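The chain contents come next:
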Amino acid sequence: MEQEDDRGYRAIPRLWVSGSLAAAVTLDADQTHYLRAVMRLGVGAELLLFNGRDGEWQAKITSISKNSASAEPIRQTRSQRPEIDLLLLFAPIKRGRVEFLIEKAVELGVSALQPVMTRRTIVSRLNLDRLNAHAREAAEQTERLSVPPVLAPLPLEAALRNWPESRRLILCDESGTAPSLGKVLQGPEPCAESWAVLTGPEGGFEPSELDLIRRFPFATPVSLGPRILRADTAALAALAVFQALRGDWDSPVPSPAALLQR
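Predicted, not measured: the structure shown is a model, and the values here were computed from it.

(A) Here's a closer look at the nonpolar core. Residues Leu-88, Ile-102, Leu-113, Ile-170, Val-197 and Leu-239 are the most contacted members of the largest nonpolar core, which totals 33 residues. Top element by residues in this core is helix H7 (residues 231-245). It accounts for six residues. With residues near it in sequence (within four places) discarded, Leu-88 still touches Leu-101, Ala-105, Val-110, Ala-112, Leu-113, Gln-114, Val-197, Ala-235 and Leu-239.

(B) Examining the sheet that holds strand S1 (residues 14-16) more closely. Strands sit in the order S1-S3-S4-S5-S2 across an open sheet of five strands; the sheet is mixed. Pairing within the sheet leaves two strands with one partner each, and these edge strands are S1 and strand S2 (25-27). Direction aside, neighbouring strands of the sheet carry axes that sit 40° apart on average. Across five bridges, the pairing between strand S3 (residues 46-50) and strand S4 (residues 56-64) is antiparallel.

(C) Representation of helix H6 (residues 207-214) within the structure. Where H6 is concerned, the buried positions are Glu-209, Leu-210, Leu-212 and Ile-213. Buried positions in H6, seen along its axis, are confined to an arc of 160° and lie on one side of it. Packed against the buried residues of H6 are helix H4 (156-161), strand S9 (167-172), strand S10 (194-199) and strand S11 (219-222).

(D) Highlighting the packing of aromatic side chains. This structure, assessed with the given rule, holds three aromatic pairs. Considering the side-chain rings of Trp-163 and Phe-218, the 5.5 Å spacing of their centres and the 20° angle between planes classify their relative orientation as stacked. A residue pair is termed long-range when its members are at least 10 positions apart, and Trp-163 in the loop between H4 and S9 and Phe-218 in the loop between H6 and S11 qualify at 55 residues. With a relative accessible area of 10%, Trp-163 lands in the buried category. Classification of Phe-218 by relative accessible area gives buried; the value is 3%. When the centroid spacing of 5.0 Å and the interplanar angle of 25° are considered together, the rings of Phe-216 and Phe-218 count as stacked. Among the aromatic residues, those joined into a ring-pair cluster are Trp-163, Phe-216 and Phe-218. Here Arg-14 stacks its cationic end above the ring of Phe-50, 4.2 Å away from the centre of that ring.

(E) Fine view of the packing of helix H2 (residues 95-107) against helix H3 (residues 128-141). Between H2 and H3, whose axes approach to 8 Å, the crossing angle comes to 35°. In this structure, H2 meets H3 at a crossing whose hand is right-handed. Of the residues in H3, those touching H2 at Arg-95, Val-98, Glu-99, Ile-102, Glu-103 and Val-106 are Arg-130, Leu-131, His-134, Ala-135, Ala-138 and Ala-139. Partitioned by chemical class, the residues of the contact of H2 with H3 number seven nonpolar, one polar and four charged.

(F) Spotlight on the environment of Ser-223. According to the relative accessible area criterion, Ser-223 is buried, its value standing at 14%. C-alpha of Ser-223 to C-alpha of Glu-209: the two residues are 14 residues apart in sequence and 16 Å apart in space. In contact with Ser-223, other than residues within four places in its own chain, are Asp-173, Ala-178, Pro-179, Ser-180 and Leu-181. Separated by 3.1 Å, the side chain of Ser-223 and the backbone nitrogen of Gly-225 make a polar contact.

(G) Summary view of the sheet that holds S10. On the basis of which strands lie adjacent, the open sheet formed by six strands has the order S8-S7-S6-S10-S9-S11 and parallel pairing. In this open sheet, the two edge strands, each paired with only one partner strand, are strand S8 (154-155) and S11. In the sheet, S9 pairs with S10 via five bridges, with the strands oriented parallel. By the bridge assignment for S10, Arg-168 is matched with Trp-195.

(H) Fine view of the packing of H2 against H7. Running from N to C, H2 and H7 cross one another at 5°; their axes reach a closest spacing of 10 Å. By the criterion of interaxial angle, the relationship of H2 to H7 is roughly parallel. Touching Arg-97, Phe-100, Leu-101, Lys-104 and Ala-105 of H2 are Asp-232, Ala-235, Leu-236 and Leu-239, all from H7. Here the contact of H2 with H7 is composed, by residue class, of six nonpolar, no polar and three charged.

Quick notes on the rules
- Residues numbered from 1 in each chain as written.
- Predicted model: local features only at pLDDT ≥ 70, side-chain atom pairs only at ≥ 80, totals over all residues.
- Heavy atoms only, no water.
- Core = buried A, V, L, I, M, F, W, Y, C linked by side-chain atoms within 4.5 Å.
- Buried < 20%, exposed > 50% of the residue type's maximum accessible area, 1.4 Å probe, protein only.
- Helix = DSSP H or I, 4+ residues; strand = E, 2+ residues; numbered from the N terminus.
- Contact = heavy atoms within 4.5 Å.
- Pairing = 2+ DSSP bridges.
- Axes fitted to C-alpha atoms, helices over the stretch in contact; angles between N-to-C directions.
- Arc of directions from axis to C-beta.
- Phe/Tyr/Trp six-rings, centres within 6.5 Å; stacked < 30°, edge-to-face > 60°.
- Lys NZ or Arg CZ within 6 Å of the ring centre and 35° of its normal.
- Left-handed = near helix turned anticlockwise from the far one by under 90°.
- Nonpolar A, V, L, I, M, F, W, Y, C, P; charged D, E, K, R; others polar.
- Polar contact = N/O pair within 3.5 Å; in protein donor to acceptor, adjacent residues only side chain to side chain.
- Parallel < 35°, antiparallel > 145°, perpendicular 65-115°, else oblique.

As structure tokens, this is what we get:
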């Protein structure tokens, strides 16, 4: 049974795979369960596949059992294209909120997510497998052609010490002394091909950390307004403003996968 979205279009499953799309693809147990038990699809049903390298392909299920399935790529629906190089550095926060942050950051077009451990960071451990699974699901649902990785946490000082100077760093500074993000991005801020947004923990950065970051020539402190924002809200607000003013929101919207016809 095929499902339809709220516009009446036929919904086609869209899955990320690790292997090449030049030949038949084997799907894992979770993907097979999704196709069989959730979507109720069988042999001959259509789906879309992408791997971050070969674009997006229309495929058909050629076999499916309880724990595995295979699909045959038929034709390329979109070629692989460059994406904006936008890194999000964030201090880990509580589980439910960090999963929400990962999902929405992927939707907003980040190229990678780098947890950084600050002096006021409360959360000391992250389930990277779970968070990367959330990133994959978000990429599948949002028509992306890549899945941004959630990287292993680094101490803040280590992340800054190895920083490439060609990447501009936007520091979300809660001290109230920096110009607004909108003014900075619409002003004479140097153009760059690589960008990053840095947000702090739930208790904010320590003053010594802000002083350290401000000393780096690649860092630009910005304000996100007069209200105190939660850590996840601050990160998503900064990403949205960046995308609107310097990002890829002027790019054309891809044709919905649901419009593909047999």
